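# Structural description and commentary
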Protein chains: 2
Amino acid sequence: MRDFTRKLRVLLIDDNANHLRGIKELISLETNYSVVGATRSANLGLGLIKKYRPDIVLMDVNMPEKDGLQAIQSINKMGVSTNVVILSGYDDSDLIYRAMKLGARGYVLKTMASSKLIDAIETVADGKIYLPSILTTRFFEYFQNAAKEETKVVAGENLLLSLTGRENEVLDLLTQGINYKSIAQKLIISETTVKTHVNNIFQKLQVNDRTNAVLYALTHGFKPSSAQETAMTTAA
Amino acid sequence: MRDFTRKLRVLLIDDNANHLRGIKELISLETNYSVVGATRSANLGLGLIKKYRPDIVLMDVNMPEKDGLQAIQSINKMGVSTNVVILSGYDDSDLIYRAMKLGARGYVLKTMASSKLIDAIETVADGKIYLPSILTTRFFEYFQNAAKEETKVVAGENLLLSLTGRENEVLDLLTQGINYKSIAQKLIISETTVKTHVNNIFQKLQVNDRTNAVLYALTHGFKPSSAQETAMTTAA
DNA sequence: ACTTATCTAAATCTGCAGGTTGAGAAAGCT
DNA sequence: AGCTTTCTCAACCTGCAGATTTAGATAAGT
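For the structure given in this document, a descriptive report is provided here. Within every chain, residues take consecutive numbers counted from 1 along the sequence as written. Both sets of labels track the order of writing: A upward for chains, 1 upward for ligands. Under the rules for a predicted model, residues below a pLDDT of 70 receive no local features and side-chain atom pairs below 80 are neither given nor counted, while totals for whole chains, interfaces and linings still include all residues. Side-chain figures throughout are based on the complete set of non-hydrogen atoms in the structure, without hydrogens or water.

### Focus on the overall build of chain A
The helix and strand labels rest on DSSP assignments: H or I over at least four residues marks a helix, E over at least two residues marks a strand, and numbering proceeds from the N terminus. Looking only at helices and strands, chain A features 11 helices and five strands. A principal-axis box enclosing the C-alpha atoms of chain A has dimensions of 75 × 35 × 30 Å. Relative accessibility decides the category of a residue: with a 1.4 Å probe and only protein chains considered, values under 20% of the type maximum give buried, values over 50% give exposed, and everything between is partly exposed. The buried share of chain A, taken over its 236 residues, is 47%. A sequence separation of at least 24 residues applies to 65% of the contacts in chain A between residues at least 6 apart. By definition in these notes, contact holds between two residues if any of their heavy atoms fall within 4.5 Å.

This is how it looks when you write it as C-alpha cells:
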C-alpha cells in the first residue's frame with residue numbers, strides 16, 4: 001500500500017519546453033506531489049532517475065535523439081524500478097501496445113483533461129495500471145490481432161497431428177538439437193530405430209532434414225510431450 | 001457505430017441456474033436489450049450462437065465439460081463474429097490474460113455491482129473493450145511479466161552480436177533451412193566460402209551443427225537482416 | 001606502413017545425416 | 001484368425017555436413 005505520509009516524487013521528461021512548464025505548474029498545485037526534476041532530454045532524464053529515484057516518471061514519447069520507448073528500455077537495463085507514465089499525442093494501437101509491453105504503468109493522451117493526468121499519477125502510485133477506456137480498446141486492437149495471427153500459423157491442417165506418440169518424443173529431442181546417438185541413449189533404443197523414426201517424421205512433415213523439421217515444429221505450435229510421456233512409457 | 005434503432009440481442013451461458021435466472025431478469029429490465037437465449041451448457045450455447053447470432057454473449061468461465069475459454073476457441077473456429085463478455089468469479093491475472101488473448105471483449109467479476117454488467121454490455125456493444133481498472137491491472141501483471149521473461153532470454157550477453165554482416169546473412173539463410181549449395185547460389189559465392197562462414201558462425205555461437213545454430217538464433221531474438229542488406233550488397 | 005578484420009576460396013578428410021529395403025514383435029481392431 | 005498400426009532393428013549406401021589448414025584480396029584503423 002502507498003505511503004501517504006510523504007510526498008510523491010515526480011520526474012518530468014518532455015522535449016517541449018511549454019509542455020514541461022505547464023505540467024510542472026499543474027503538478028505543483030497538488031500539495032502531496034513534489035517535482036524532483038524536469039528535463040527536455042531523455043538521456044539527461046535517465047541520469048536524474050538514477051540520482052533521485054522518483055516514484056513516478058512522466059515521459060513524453062515523441063522526442064528527438066532518444067524517444068520515450070527507448071528511454072523505458074534504458075531504464076529497464078539500468079535495473080531501476082520506477083513507474084513510467086507515458087504522455088503521448090498519439091493513440092496508435094501499436095504505440096500503446098509497445099509502450100505497455102516495455103513496462104509502462106500508464107498512458108495518457110495530451111489531449112485529455114489535465115485532471116486525467118492527476119488521476120493517472122494517483123492510480124499508478126497506488127500500484128495499479130492507468131489506461132483509459134479508449135486506450136485499453138486500442139491496446140487490445142493490436143494485442144488480439146497479434147494473438148489471432150499467432151494461432152493462424154499454428155492452425156493450417158498441421159501435419160504434426162499425424163505423428164505417433166513415439167515420433168513426437170523423437171521430434172521433441174530433435175527440437176533440442178540432439179543427435180542420433182544421444183537420442184538413442186535417451187530413449188533406450190538403437191540408433192537405427194531412431195533413424196527410422198526420424199525418416200518417418202520427415203515424410204510426414206514433408207521435409208528433408210532436421211533443421212526444417214525443427215523449424216516446422218516450432219512454427220506450428222509443437223508442444224513437447226516427452227517430459228511426461230517418456231516417464232510413463234519407461235515406467236510401464 | 002452502434003445501431004440504436006433495434007434491441008441488443010444478448011445470449012447467456014452459465015451453468016449455475018440461479019445466476020442464469022438472475023442475470024436474465026436483470027437484463028430484461030433494460031428496455032433496449034432482448035435475451036435471445038439462455039443455457040447452462042457451453043456446447044448448447046454454441047448451437048444457439050450459430051442459430052441466433054447474438055450481439056453479445058455473456059459467458060461464465062467456470063463450467064463443467066467445456067469451460068468458457070474453450071467455448072471462445074470454439075466460437076473462433078466457427079468463424080462467427082460475436083462479442084463475448086466473460087463472467088467470472090476469479091480475478092487471476094493469467095485467467096484474464098488468456099480470456100482476452102482468445103478475443104474476449106469484456107471481463108466482469110460476479111462480485112461486481114450488477115450495474116457494471118450493464119456498463120460492460122453497453123461498452124462492448126459500442127465496439128470498445130470493457131475491462132475494469134482492477135482487472136486491467138491484473139491483466140498487465142501477467143502481460144508485462146511475460147514480456148520481461150521474453151526479453152530476458154533475448155538478452156544474456158548474446159553471442160549473435162559478435163557476428164559480422166556476412167555471417168548474419170548466412171545465418172539468416174540457415175534459419176530458413178537452406179543447404180550449402182543454395183546458400184552459395186543466393187549469395188553468389190562459392191560453396192566452400194559458405195562453409196567457412198558457417199564454421200565461423202558455429203564457433204561464435206558455440207554450437208556444433210546447423211540445428212543448434214538455428215535454435216540459438218531463434219531463442220535469442222535473431223532478426224533477419226538479409227532482405228535489405230543482400231539487395232544492397234548485390235546491387236553494389 | 002603495419003596490423004587487424006572481413007570476405008573470399010581451394011583442398012582434404014572424417015563421419016554423421018539421410019534414404020532404402022526388409023523384417024520381427026506386440027497391441028488393437030474387425 | 002487376420003489385418004493394421006506402431007515400435008523395434010539390421011545392413012548398406014550415398015553424400016552432404018562439419019573440421020582443418022592455408023592463403024589471397026580488400027578495407028579500415030593505428
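### Considerations on the interface of chain A and chain B
Taken residue by residue, the interface counts 30 residues in chain A and 30 residues in chain B. Take the accessible area each of two parts loses on contact, using a 1.4 Å probe, and add the two losses: that sum is the buried area. Buried surface at the junction of chain A and chain B, summed over both partners, amounts to about 2,300 Å²; 64% is from carbon and sulfur atoms. One speaks of a salt bridge when a side-chain nitrogen belonging to Lys or Arg is within 4 Å of a carboxyl oxygen belonging to Asp or Glu. Connecting chain A to chain B are two salt bridges. Here Lys101(B) and Glu150(A) are joined by a salt bridge, their closest N and O atoms 3.5 Å apart.

### What to know about the relation of the copies chain A and chain B
Mapping chain A onto chain B calls for a rotation angle of 180° and an axial translation of 0.1 Å; the resulting RMSD is 0.1 Å. Expressed as an axis order, the relation between the two copies is that of a two-fold axis. The position closest to the rotation axis in chain A is occupied by the C-alpha of Thr211(A), lying 2.5 Å away. With an isologous cut-off of 70% or more, the 100% of interface residues of chain A that recur at the interface of chain B puts this contact in the isologous class. Residues below a pLDDT of 70 in either copy are left out; the C-alpha atoms of the rest, at least 70 in both, set the least-squares superposition of the copies.

### Thoughts on the packing of helix H2 (residues 42–52) of chain B against helix H3 (residues 68–78) of chain B
Residue and element names in this part refer to chain B. Orientation is described by axes fitted as lines to C-alpha atoms, over the contacting stretch for helices, and by angles from 0 to 180 degrees between their N-to-C directions. Across the interface, H2 lies against H3 with an axial gap of 10 Å and an inter-helix angle of 30°. With respect to their mutual orientation, H2 and H3 come out roughly parallel. Viewed along their axes, H2 and H3 form a crossing whose handedness is right-handed. Counting all contacts with H2, which are made through Ala-42, Leu-46, Ile-49 and Lys-50, the residues of H3 involved are Ala-71, Ser-74, Ile-75 and Met-78. For the contact of H2 with H3, the class distribution of residues is six nonpolar, one polar and one charged. We call two directions roughly parallel when the angle between them is under 35 degrees, roughly antiparallel when it is over 145, roughly perpendicular when it lies between 65 and 115, and oblique otherwise. Left-handed is the label given to a crossing in which the near helix is rotated counterclockwise from the far helix by less than a right angle, and right-handed is the label when the rotation is clockwise. For this scheme, ten residues count as nonpolar: Ala, Val, Leu, Ile, Met, Phe, Trp, Tyr, Cys and Pro. Four count as charged, namely Asp, Glu, Lys and Arg, and the remainder, Gly too, count as polar.

Just distances and angles here, no functional claims.
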